[in-house]
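# What the coordinates show
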Amino acid sequence: MIESDRAHDAAQGAAPEDAAQDTAHDVRDDEAVSRFVERFAADLVEAGMQRMGARVFAALLVSDSGALTSAELAEQLQISPAAVSGAIRYLAQVDLVAREREPGSRRERYRLYNEVWYETMTRRDQVLTRWESTMRDGAKILGPGTAAGQRASETAEFFEFMQHELRTMLERWRAHQAARADRAEER
């Protein structure tokens, strides 16, 4: 699913040479946008994301194009190119951004995937599958009659429940998107 979403992003021209180059920049309060970036980055850090990665991710998220160069990120966030590089390396490793070359240039742009949150949740489902399997093995090893074995078994059951709920929620999200698109076409 994730690979098909990425292929869809590429086929849809997710990088339309950024003709829109953040056109709303002229009407936005740059200071308010900066505060929002820092606030959301702080929320991401509190949830466990690396600090500089969170700031770069938030900056990409608020850009209209969803893509910025290293120089643009460094200027916007007032950080060094090395800090941008480290953050991008982290974000690429966790599949939150893609690197792409600017046509006719040696510069790279860093882009969010169109459905970054959907993809993130899809990967979370895969993690829950691994954790459930590990906990089931652990429950057998620890013994079903022991407190630790029962705890491992209940943890596996929780992960199984979460997987089912997550899949159902993602299906409902797709249905919601389709209904929204249908309503937009009717207008």
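You'll find the structure just up there.
Quick summary incoming for the structure in this document. It should be emphasised that the depicted structure is a prediction, and the values quoted were computed from it without experimental measurement. (Residues numbered from 1 in each chain as written. Predicted model: local features only at pLDDT ≥ 70, side-chain atom pairs only at ≥ 80, totals over all residues. Heavy atoms only, no water.)

The grouping of Phe 158, Phe 161 and Met 162 at the surface amounts to a nonpolar patch, some 300 Å² of accessible area in total. Among the secondary structure elements, Met 162 is positioned in helix H7 (residues 147-186). Its relative accessible area of 32% is what places Met 162 among the partly exposed residues. (Patch = residues over 30% accessible without salt bridge, like charges linked within 9 Å, V, L, I, M, F, W, Y side chains within 5 Å. Areas by Shrake-Rupley, 256 points an atom, 1.4 Å probe, with all protein chains shown as cover. Salt bridge = Lys/Arg side-chain N within 4 Å of Asp/Glu carboxyl O. Helix = DSSP H or I, 4+ residues; strand = E, 2+ residues; numbered from the N terminus. Buried < 20%, exposed > 50% of the residue type's maximum accessible area, 1.4 Å probe, protein only.)

A separate point is the environment of Ala 139. If you trace the backbone, Ala 139 turns up in helix H6 (residues 116-142). Residue Ala 139 is classed as buried on the basis of its relative accessible area of 11%.

Taken in spatial order, the three strands make up an open sheet running S1-S3-S2, and their pairing is antiparallel. One side of each edge strand has no neighbouring strand; the edge strands of this open sheet are strand S1 (67-69) and strand S2 (97-101). Going across the sheet, the axis of each strand differs from the next one's by a mean of 30 degrees, ignoring polarity. Across three bridges, the pairing between S1 and strand S3 (residues 108-112) is antiparallel. Across the sheet, the residue bridging to Leu 68 is Tyr 110, located in S3. With respect to the sheet, helix H3 (residues 51-62) is in contact with S1, S2 and S3, its orientation differing from that of S3 by roughly 80 degrees. (Pairing = 2+ DSSP bridges. Axes fitted to C-alpha atoms, helices over the stretch in contact; angles between N-to-C directions. Contact = heavy atoms within 4.5 Å.)

Buried residues dominate S3, accounting for four of its five residues. Direction of pairing for S2 relative to S3: antiparallel, over a ladder of five bridges. Residue Ala 98 lies in a different strand from S3, and its bridge partner there is Arg 111. Hairpin geometry of S2 and S3 is characterised by an intervening segment of six residues between the two adjacent antiparallel strands and by a positive phi of about 75 degrees at Gly 104.

Another point: the packing of H6 against H7. Two elements in contact, H6 and H7, have axes whose closest approach is 8 Å; the angle formed by their N-to-C orientations is 160 degrees. By the angle between their axes, H6 is roughly antiparallel relative to H7. Judged by the sense of rotation from one axis to the other, the crossing of H6 with H7 is left-handed. Looking at the contact of H6 with H7 residue by residue, the class counts come to 15 nonpolar, seven polar and eight charged. (Parallel < 35°, antiparallel > 145°, perpendicular 65-115°, else oblique. Left-handed = near helix turned anticlockwise from the far one by under 90°. Nonpolar A, V, L, I, M, F, W, Y, C, P; charged D, E, K, R; others polar.)

On to the environment of Arg 167, then. Within the element layout of this structure, Arg 167 appears in helix H7. Here Arg 167 falls in the partly exposed class, since its relative accessible area comes to 39%. Between the alpha carbons of Arg 167 and Asp 125 there is a distance of 7.5 Å; along the sequence they are 42 residues apart. Contacts of Arg 167, omitting those with residues within four sequence positions, involve Asp 125 and Thr 129.

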